[in-house]
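Descriptive analysis of the structure
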Amino acid sequence: MSGLLAGKRLLVTGVITDASIAFAVAKLAQENGAQVVLTGYGRLSLVERIAKRLPEPAPVIELDVTNTEHLAGLADKVREHVDGLDGVVHSIGFAPQSCLGGGFLDAPWEDVATALQVSTYSYKSLAMAALPLMSTGGAVVGLTFDATKAWPVYDWMGVAKAGLESASRYLALHLGKQGIRSNLVAAGPLRTIAAKSIPGFEQFEDAWAERAPLGWSLTDQEPAARACLALLSDWFPATTGEIVHVDGGYHAIGA
């Protein structure tokens with residue numbers, strides 16, 4: 001087996017369609033020598049169909065990150081396919097409609113709590129559920145959207161991503177002694193299912209394409225996926241608690 005991730009065993013969450021970053025990660029990971037196990041939630045048959053579009057059909061495990069029984073049983077279900085894990089990809093996020101599209105001041109706590117549990121707390125939950133499988137160390141990699149700024153229409157999801165970025169640093173602190181790294185990739189806007197669910201998200205599109213020094217494609221998930229692969233590989237052995245921007249350089253440019 002050859003490639004950047006030769007021999008690595010990965011758990012990839014969040015594959016909903018073949019236009020998702022998670023799908024691009026799974027595809028590139030297989031092409032670079034990794035064994036991949038996917039998780040799905042809700043429409044599991046859809047995820048299973050998408051999994052068959054990978055270079056090698058990947059097994060799919062049902063996982064609701066708000067379900068304590070699913071989390072408690074995750075390690076045993078993964079062991080049915082691989083004998084351990086070297087990396088976990090967190091590509092999970094959700095916020096009720098009240099929390100997006102300009103509803104920041106009106107969103108009720110119940111909806112905000114859902115956004116925070118699914119999009120933020122789940123990063124820690126997933127890592128701890130996978131921990132028994134990572135006895136030799138490894139990497140946890142998540143996806144964020146630059147939370148250093150308040151973005152129009154992003155609202156409580158922006159708050160959730162800020163929490164995710166902080167949670168990644170704390171995970172790096174607490175799991176470092178076990179040889180587990182925690183890093184995030186901050187991708188620019190992409191036309192994924194998640195983006196389409198945010199009212200007014202198209203506001204980002206023109207500005208990003210015009211201002212990013214390297215330019216930016218709204219339909220190319222591969223740059224973000226490649227960054228994930230690099231962080232999952234052995235080429236970043238001393239990097240943890242980091243956020244790698246894959247946004248054409250937009251974050252570095254002043255208004």
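Conventions and cut-offs
- Residues numbered from 1 in each chain as written.
- Predicted model: local features only at pLDDT ≥ 70, side-chain atom pairs only at ≥ 80, totals over all residues.
- Heavy atoms only, no water.
- Axes fitted to C-alpha atoms, helices over the stretch in contact; angles between N-to-C directions.
- Helix = DSSP H or I, 4+ residues; strand = E, 2+ residues; numbered from the N terminus.
- Parallel < 35°, antiparallel > 145°, perpendicular 65-115°, else oblique.
- Left-handed = near helix turned anticlockwise from the far one by under 90°.
- Contact = heavy atoms within 4.5 Å.
- Nonpolar A, V, L, I, M, F, W, Y, C, P; charged D, E, K, R; others polar.
- Core = buried A, V, L, I, M, F, W, Y, C linked by side-chain atoms within 4.5 Å.
- Buried < 20%, exposed > 50% of the residue type's maximum accessible area, 1.4 Å probe, protein only.
- Salt bridge = Lys/Arg side-chain N within 4 Å of Asp/Glu carboxyl O.
- UniProt positions renumbered as here; feature names shortened; annotations may be inferred.
- Polar contact = N/O pair within 3.5 Å; in protein donor to acceptor, adjacent residues only side chain to side chain.
- Pairing = 2+ DSSP bridges.
- Right-handed = clockwise from strand over helix to strand, strands pointing away.

In contact at an axis separation of 9 Å, helix α4 (residues 109-130) and helix α5 (residues 155-175) are set at 20° when each is read in the N-to-C sense. As summarised for this structure, α4 and α5 are arranged roughly parallel, according to the angle between their axes. Our pair here, α4 against α5, has a crossing hand that is right-handed. For the pair α4 and α5, the contacting residues are Val112, Ala115, Leu116, Ser119, Thr120, Tyr123, Lys124 and Ala127 in the first and Trp156, Met157, Ala160, Gly163, Leu164, Ala167, Ser168, Leu171 and Leu175 in the second. Along the lines of polarity and charge, the residues of the contact of α4 with α5 split into 12 nonpolar, four polar and one charged.

Turning to the nonpolar core, a few remarks are in order. One finds Val12, Val25, Leu38 and Val185 to be the most contacted residues of the largest nonpolar core, which totals 54 residues. Broken down by element, this core gets its largest block of residues, eight residues, from helix α1 (residues 21-31). If we skip the residues at most four places from it in the chain, Leu38 touches Val12, Val15, Ala26, Ala51, Leu54, Ala58, Pro59, Val60 and Ile61. Core analysis: the second largest hydrophobic core is formed by 30 residues, Leu71, Val88, Ala127 and Leu171 among them.

Another point: the pattern of salt bridges. Should their charged atoms come close, side chains of opposite charge can pair. Within this structure, the stated rule accounts for eight salt bridges. Note that Asp234 and Lys8 form a salt bridge whose closest N and O atoms lie 2.7 Å from each other. Residue Asp234 is found in the loop between α8 (222-232) and β7 (243-246), and its partner Lys8 is found in the segment before β1 (9-12); the two are separated by 226 residues along the sequence. With its nearest N and O atoms 3.0 Å apart, the salt bridge here joins Asp76 to Arg79. Of this pair, Asp76 and Arg79 both sit in helix α3 (residues 68-79), three residues apart, roughly one helical turn. Overall, Arg79 belongs to the partly exposed group, its relative accessible area being 40%. A single salt-bridge network, built from bridges that share partners, covers Arg9, Asp83 and Asp86.

The next point concerns the UniProt feature "binding site: NAD(+)" (unreviewed entry) in the chain. The positions that UniProt labels "binding site: NAD(+)" (unreviewed entry) are, in the present scheme, Gly14, Ser20, Ile21, Asp64, Val65, Ile92 and Lys161. Mapped onto the elements of the fold, Asp64 is located in the loop between β3 (60-62) and α3. Filtering out sequence-adjacent residues up to four positions away, Asp64 remains in contact with Tyr41 and His70. At 2.7 Å, the side chain of Asp64 and the side chain of Thr66 are in polar contact.

Inspection of α8 places Ala224, Ala225, Ala227, Cys228, Leu229, Leu231 and Leu232 among the buried residues, and these make up the whole buried set. The elements touched by buried residues of α8 are β1, α1, β4 (87-90), β5 (138-144), β6 (180-187) and β7.

For the rest of this paragraph, the subject is the pairing of β5. A regular strand places its side chains so that they alternate between the two faces of the sheet. Among the seven residues of β5, seven are classified as buried, and the element is accordingly described as predominantly covered. Burial of β5 is two-sided: the residues Gly138, Val140, Gly142 and Thr144 facing one way and the residues Ala139, Val141 and Leu143 facing the other way are all buried. Here β4 pairs with β5 via four bridges, running parallel. For Gly87, the partnering residue across the bridge sits in β5 and is Ala139. Traced from β4 through α4 to β5, the parallel crossover comes out right-handed. Note: β5 against β6, seven bridges, orientation parallel. Looking across to β6, one finds that Val140 is bridged to Ser182.

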